[in-house]
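Below are the chains, spelled out letter by letter.
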Amino acid sequence: MFYHAYNSYMENAYPADELMPLSCAGRYRGITPSRGDMDDVLGNFSMTLVDSLDTLVVLGDFQEFENAVKLVIKDITFDNDIIVSVFEINIRMIGGLLSAHLLAEKIAKQNGDVLTWYNNELLLMAKDLGFRLLPAFNSSTGIPHARVNLKLGMNDKELAKNKETCTACAGTILLEFATLSRLTGEPVFERSAHKAMDALWKLRNRGSDLMGTVLNVNSGDWVRRDSGVGAGIDSYYEYLFKSYVLLGNEKYLNRFNRHYDAIMKYISEGPMLLDVLMHRPHAKSRNFMDSLLAFWPGLQVLSGDLKPAVQTHEMLYQVMQLHNFIPEAFTVDFQVHWSQHPLRPEFIESTYFLYKATKDHHYLQVGKKALKALQKYAKVPCGYAAVNDVRTGKHEDRMDSFVLSETIKYLYLLFAEPEDIPIDLDEYVFTTEAHLLPLSISQMGNYTSTDLKETPTNFYEKSCPSSNSLLPEKIRQPLKNFITGSCPRTSTNKRLRALDFQANSAVHLRAIYDMGITIRDIGDGKVRLFHSFYNAKSPEDGQIGLLFMQEMLELTKFQNQVGQLQVIVFKSEDNSSTVLTAGPSHFGKELKYGEFIEGEVLMSNPLKCCSTLENLENIEQKIVLSERGDCTFVDKARRAEKAGAKGLIICDNNDGTSSETDSMFAMSGDGTNDVTIPVVFIYSKECNILKNNLKSNVKIMQMVDYKKELENNNKSIF
């Protein structure tokens, strides 16, 4: 699998950053059509090759490793006038270069016939790149900016627009920068990373010990207060724990334990992990989970808390079996929320660590299932293609570098015998990109900051349990049919449904108490429910309680959506009014209090609206119709608004979808609120209806306002 992907990249894409496996071509920044912010990972520095170097060593292919190192030294430079993601370049490029440098030195010493010529070239390249990232740390708080120009630093007008970064982006620097400092003798890297971690710690909510996901790097104010363990925050927790393991600084273990206690108290719901608000930790902030949280069981294994790791992993495994892959996001009833799967490694990573800890062959079977899914649904003639929609199997012309550096590496390690691996993995820490940093780094000097005095805590003190006494099967058994089969195990017509629940009924209160649910009166006729799987009367009651809470979340979701759903209204050729349900966006102008836009609809050219529009002269004061894909929603909106459009309608790019059968969602932005036109989303069925009526004037407004107008006028709003 590795060589199919690696050789496809080398033969069809190198020296590009990524392989486009459907086109059998390379993805170059500034040449290949832009995908918006997604391309901030690209720098025209052969990223896939650098990210793959230590995988070649793990496979024992020292000859190809030597050839690849020579190519990296000969072909790659960083003096490029390109804006890149500090987080991505650190974990993929600096991490890849440092790991390859250390392994090259080790191989040269142990094998006299390869790499005898090597003289720290990769380390010097990592140092050069590190200095190019350092200007990003020039913020009021010491928390790094999300992006930097490799040539100009922060002296780029484009960088002045956005002062926001995510918690994971700022908190996933220390392993690489500490290693860089200790190998080069330049303390500035490690000091900057420590300062950023200290600044983040000070921004936690002191009442809950939770972190938000997006913040302003200069003011330190939280922009998004959602707290979970998935996207936007995941590797911050990972690097707290691994910084203790690699550097021996106990303040990071103390911080990890404080956060871990809060996560298990507020975010963990049995096997599920549901986001809450950091300042109101009993309030759920969303009713879906994203696939990045699949790393969490692996981190729990490393920290010694195996039981919840087994439970969450089992839940994720069932999601995978339901959809072939774990979709980018899935709802609390385990349906698809975001349909893509870019061949992420996190679930396989956790599977590997669980097998290492337990030696339970169940995890080999899980790995086999994941492997066969990749072979059946992702393998194409030129590598492995990301899945655009797990429901249809539609591919995307994309193979991220982490497929080679993480996904396939963890699969190989899961099945490999110790004698198959030429290095002792117990002597290394895996970075978040699965690069290998040796534990001996802690003995190479000490630039560790000790400015921040903290009182140690004893939360979740753990000792690794004996794998002989741990029986993961007993933990998994109650969850065997958590998603599909016998949950709940009592007859569905006897249990209490969320729709029927009345907070003033003693019978209902007793029923939910048995389910492990407690209730709190918060005034104004409202109550808040809390569920704990382990407080239930029995495992069966706990499962019924989870189902009850899922139904409650769905009810809340529906009630919230009714106020946010948009409609597109127009007169058909037979003079009847047609009403199409549309989804809102988290950016752009919000139509409310009866506001609407009205006008003629014009299709963008190109339809994806991800490059310069060819019909600019016709767009002024029109409502533009474009199609999902190739770039972000907000990038399409910016192009449409710049062209003079008064509104934008984005159609789904998956055939057969409809608001009648698919859950509506709100389109996400990128944190920069610079779009001032309304933007709505419609599924493909509604889009086809609209395309057949492009000559009609359309009106876009909130659904609740449309219904009010109908009630007031008792007739069509046209």
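Residues numbered from 1 in each chain as written. Predicted model: local features only at pLDDT ≥ 70, side-chain atom pairs only at ≥ 80, totals over all residues. Heavy atoms only, no water.

(A) Just the overall build of the chain, in detail. Helix and strand counts for the chain come out as 21 helices and 30 strands. For 718 residues, the compact-globule estimate of 2.2 N^0.38 gives 27 Å, and the chain sits close to it at 26 Å. Partitioning the intrachain contacts of the chain with sequence separation of at least 6 by distance along the chain shows that 69% fall at a separation of at least 24. Of note, the chain has its 77 positive side-chain charges centred 4 Å away from the centre of its 90 negative side-chain charges. (Helix = DSSP H or I, 4+ residues; strand = E, 2+ residues; numbered from the N terminus. Rg over C-alpha atoms; globule rule 2.2 N^0.38 Å. Contact = heavy atoms within 4.5 Å. Lys, Arg positive; Asp, Glu negative; His and termini not counted. Charge placed at Lys NZ, Arg CZ, Asp CG, Glu CD.)

(B) Summary view of the state of the cysteines. Inspection of the entire model under this criterion finds four disulfides. Across the disulfide from C166 sits C169; the S-S distance is 2.1 Å. The disulfide joining C166 to C169 has a torsion of about 90° about its S-S bond and is therefore right-handed. Across the disulfide from C610 sits C631; the S-S distance is 2.0 Å. Every disulfide takes its handedness from the sign of the S-S torsion; for C610 and C631 that torsion is -85°, giving left-handed. Residue C610 is located in the loop between β26 (596–603) and β27 (623–627), and its partner C631 is located in the loop between β27 and α19 (633–642); the two are separated by 21 residues in the primary sequence. Regarding the disulfides, the chain carries the connectivity 1-4, 2-3, 5-6, 7-8 under sequence-order numbering of its bonded cysteines. Considering cysteine sulfurs only, C610 is the nearest to C609, which forms no disulfide, with 6.9 Å between them. (Disulfide = S-S within 2.5 Å.)

(C) Expanded view of a nonpolar patch on the surface. On the surface, L509, I519 and V527 cluster together to form a nonpolar patch covering roughly 190 Å² of accessible area. Position of V527 among the secondary structure elements: in strand β23 (residues 526–531). (Patch = residues over 30% accessible without salt bridge, like charges linked within 9 Å, V, L, I, M, F, W, Y side chains within 5 Å. Areas by Shrake-Rupley, 256 points an atom, 1.4 Å probe, with all protein chains shown as cover. Salt bridge = Lys/Arg side-chain N within 4 Å of Asp/Glu carboxyl O.)

(D) Representation of the pairing of strand β24 (residues 566–571) within the structure. Across the six residues that make up β24, a large majority, five, are buried. Pairing geometry for β24 and strand β25 (residues 577–582), over six bridges, is antiparallel. If you follow K571 over to β25, its bridge partner there is S577. Linking two consecutive strands that pair antiparallel, namely β24 and β25, is a turn of five residues; a positive phi of about 75° is found at N575 within it. (Buried < 20%, exposed > 50% of the residue type's maximum accessible area, 1.4 Å probe, protein only. Pairing = 2+ DSSP bridges.)

(E) Looking closely at the sheet that holds strand β29 (residues 679–682). Taken in spatial order, the seven strands make up an open sheet running β25-β24-β30-β26-β27-β28-β29, and their pairing is mixed. Of all strands in the sheet, those bounded by a partner on one side alone are β25 and β29. Strand-to-strand twist of the sheet, defined as the mean angle between neighbouring strand axes without regard to direction, takes the value 30°. Across five bridges, the pairing between β26 and strand β30 (residues 697–702) is antiparallel. Directly across from E598, in β30, lies its bridge partner K699. (Axes fitted to C-alpha atoms, helices over the stretch in contact; angles between N-to-C directions.)

(F) Representation of the packing of helix α1 (residues 2–12) against helix α2 (residues 47–58) within the structure. The geometry of α1 relative to α2 is characterised by a closest axis approach of 12 Å and an angle of 145° between their N-to-C directions. α1 and α2 meet at a crossing whose hand is left-handed. Counted together, F2, Y3, Y6, Y9 and M10 of α1 and T48, L49, S52, T55 and L56 of α2 form the full contact between these two elements. (Left-handed = near helix turned anticlockwise from the far one by under 90°.)

(G) Molecular detail of the packing of aromatic side chains. Inspection of the entire model under this criterion finds 26 aromatic pairs. On the basis of an interplanar angle of 70° and a centroid distance of 6.0 Å, the ring pair of F45 and F78 is categorised as edge-to-face. Placement of F45 in the loop between β2 (25–27) and α2 and of F78 in the loop between α3 (62–75) and β3 (83–85) is noted, with a sequence separation of 33 residues between them. This pair shows no difference in class: F45 is buried, exactly as F78 is. Their ring planes at 85° and their centres at 5.2 Å tell us that F681 and Y683 sit as a pair that is edge-to-face. The class for F681 is buried, based on a relative accessible area of 0%. Taken together, the ring pairs in this structure connect Y236, Y237, F241, F256, Y260, F295 and W296 into an aromatic cluster. The ring of W201 has R204 sitting right over it, with the charged end atom 3.9 Å from the ring centre. The residue whose ring lies beneath K699 is F596, and the NZ or CZ to ring-centre distance is 3.9 Å. (Phe/Tyr/Trp six-rings, centres within 6.5 Å; stacked < 30°, edge-to-face > 60°. Lys NZ or Arg CZ within 6 Å of the ring centre and 35° of its normal.)

(H) The arrangement of the packing of α2 against α3 in detail. For the pair α2 and α3, the least separation of the axes is 9 Å and the interaxial angle reads 155°. Considering their axes alone, α2 and α3 lie roughly antiparallel with respect to each other. α2 and α3 meet at a crossing whose hand is left-handed. Between α2, through L49, V50, L53, L56 and V57, and α3, the contact on the second element is made entirely by F62, E64, F65, A68, V69, L71 and V72. Looking at the contact of α2 with α3 residue by residue, the class counts come to 11 nonpolar, no polar and one charged. (Parallel < 35°, antiparallel > 145°, perpendicular 65-115°, else oblique. Nonpolar A, V, L, I, M, F, W, Y, C, P; charged D, E, K, R; others polar.)

(I) Spotlight on the environment of E190. When you line up the elements, E190 lands in helix α8 (residues 188–202). Relative accessible area serves as the criterion here: at 0%, E190 is assigned to the buried category. It is 8.8 Å that separates the C-alpha atoms of E190 and I173, two residues lying 17 residues apart in sequence.

(J) Representation of the sheet that holds strand β6 (residues 214–216). The three strands are arranged β5-β6-β7 in an open sheet whose pairing can be described as antiparallel. The strands lining the two open edges of the sheet, one partner per strand, are β5 (164–166) and β7 (222–224). Mean inter-strand twist for the sheet, computed between neighbouring axes without regard to direction, equals 35°.

By themselves, these figures tell us nothing about what the structure is for.
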